[in-house]
Amino acid sequence: MIFKTSTLLSHHKTVAHRFTSRIGGYSQEPYYSNNLAFHVGDKAEDVIKNHDILANQLGYERQKLVHMRQVHSDLVLVVDAHSDNFKNPPECDALVTDLPNTPLMVMVADCTPVLFFEPQSKIIAVAHAGRKGALSEIVPKTIETMVSRFHAKKESIQVILGPSIHSCCYEIDEDIALEVSESGYRDALRIEGERHFLNINTIIRQQLKKLELPQKNIEDLNICNACHNKTFFSYRADAKTTGRCAGVIMIKP
Ligand SMILES: [Zn+2]
């Protein structure tokens, strides 16, 4: 399996993490080949085999994984019990925990997968940030939950933005561009004649700056999944029917 890792997170021996690609799994077209989502129409037995590859690589039992039924919301869930979360994922768009050996997963096919780690208190989180989630501040709300529920030190929180669609490939309608602009994120727009393009990561970085997170704690892998569609699934580049890549992070047992 080909995957991407964060330089910041790789410095910490207490956590394991990956951003997966579409390469090296069992699924057939149009989910070829490392699709991790059950809800997209792929064969469940292939998806489970793909999950097992990742679980083996990171050293966890597949059943321990907590993923989400993502709904483009601003709902942040604290994971404190994990009996059947693999079979029945909770409906939300961010997860936070201090439990070791409890991998958290966010799935994407254009939206930004965000991983969080606070090394002093050993708190981890994941968030799914598309346009709606980013505008409804899913990333600041995840950080607020890490701080309020687990006393994470805000200035120590590391935030990693994984492969996602960038303004080279993410064209939006004019009314959405207006909404983005009126929300205070004009810098996230790229205008080309009559056409409007959006960079979600610019919105997230602007929110992190407002929260006064140190710049050195923020890492953007700076990969456009749609430009690199042979390596990553893309909802837009694959004409909607496609698989999902994932960001996963776990406090080691
Ligand atoms: Zn692109």
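Residues numbered from 1 in each chain as written. Predicted model: local features only at pLDDT ≥ 70, side-chain atom pairs only at ≥ 80, totals over all residues. Heavy atoms only, no water.

**Focus on empty space enclosed by the protein**
This model, assessed by the stated rule, comprises 1 cavity of 30 Å³ or more. Within this model, the largest cavity holds a volume of roughly 60 Å³. In terms of lining residues, the largest cavity is bounded by 13 residues, among which Val108, Pro113, Pro163, Phe232 and Cys245 are the most central. Elements represented by at least two residues in the lining of the largest cavity include exactly β2 (15-20) and β13 (245-251). Counting residues per element, the lining of the largest cavity draws most heavily on β13, which supplies 3 residues. (1 Å grid on protein atoms, 1.4 Å probe; cavity = no way out; pocket = protein on both sides within 12 Å on 5 of 7 lines; lining within 4 Å. Points joined across faces, edges and corners; volume = space filled by probe spheres on them. Helix = DSSP H or I, 4+ residues; strand = E, 2+ residues; numbered from the N terminus.)

**Let's talk about helix α4 (residues 138-150)**
Along its 13 residues, α4 runs 17 Å from first to last C-alpha, staying within 8% of the 18 Å computed at 1.5 Å per residue. Restricting attention to buried positions, one finds in α4 the residues Ile138, Val139, Pro140, Thr142, Ile143, Thr145, Met146 and Phe150. (Expected span 1.5 Å × (residues − 1). Buried < 20%, exposed > 50% of the residue type's maximum accessible area, 1.4 Å probe, protein only.)

**As for the sheet that holds strand β10 (residues 189-192)**
By definition, the strands of a sheet pair up through backbone hydrogen bonds, in either a parallel or an antiparallel sense. Strand order across the open sheet formed by 3 strands is β9-β11-β10, with antiparallel pairing between neighbours. Either end of the sheet is taken by a strand with one partner, and the two such strands are β9 (171-172) and β10. (Pairing = 2+ DSSP bridges.)

**A closer look at the nonpolar core**
Note on soluble globular proteins: their nonpolar side chains tend to be buried together. Val114, Phe116, Val139, Ile143, Val159 and Leu198 are the most contacted members of the largest nonpolar core, which totals 39 residues. Secondary-structure elements contributing two or more residues to this core are β4 (94-97), β6 (112-118), β7 (123-129), α3 (131-135), α4, β8 (158-161), α5 (174-182) and α6 (200-210). Looking at this core, the element that brings in the most residues is α4, giving 5 residues. Residues within four places of valine 114 in sequence aside, it is in contact with Val106, Ala125, Val126, Ala127, Ala129, Val139, Val159, Ile160, Leu161 and Ile204. Grouped together as the second largest cluster of nonpolar side chains are 26 residues, Leu9, Val79, Phe232 and Cys245 included. (Core = buried A, V, L, I, M, F, W, Y, C linked by side-chain atoms within 4.5 Å. Contact = heavy atoms within 4.5 Å.)

**Overview of unusual backbone geometry**
Across the junction of glutamate 29 and proline 30, the peptide omega takes the value 0°, indicating a cis bond. Inspection of the secondary structure assignment puts proline 30 in the loop between β2 and α2 (44-58). Residue serine 33 follows tyrosine 32 across a cis peptide bond; omega there is -10°. Following the sequence through the fold, serine 33 ends up in the loop between β2 and α2. In this structure, asparagine 101 is a non-glycine residue whose phi angle is positive, near 60°. The topology assignment puts asparagine 101 in the loop between β4 and β5 (104-108). Positive phi outside glycine occurs at aspartate 110, with the angle close to 140°. Structurally, the position occupied by aspartate 110 is in the loop between β5 and β6. A relative accessible area of 4% means that aspartate 110 is categorised as buried.

**Description of the packing of aromatic side chains**
One pass over the structure, following the stated rule, counts 1 aromatic pair. Aromatic pair phenylalanine 38 and phenylalanine 86: ring centres 5.8 Å apart, planes at 85°, arrangement edge-to-face. Within this pair, whereas phenylalanine 38 is found in the loop between β2 and α2, its partner phenylalanine 86 is found in the loop between β3 (76-78) and β4, the two being separated by 48 residues in sequence. By relative accessible area, which is 31% here, phenylalanine 38 ends up partly exposed. A cation over an aromatic ring shows up here: arginine 18 above the ring of phenylalanine 3, its NZ or CZ 4.1 Å from the ring centre. (Phe/Tyr/Trp six-rings, centres within 6.5 Å; stacked < 30°, edge-to-face > 60°. Lys NZ or Arg CZ within 6 Å of the ring centre and 35° of its normal.)

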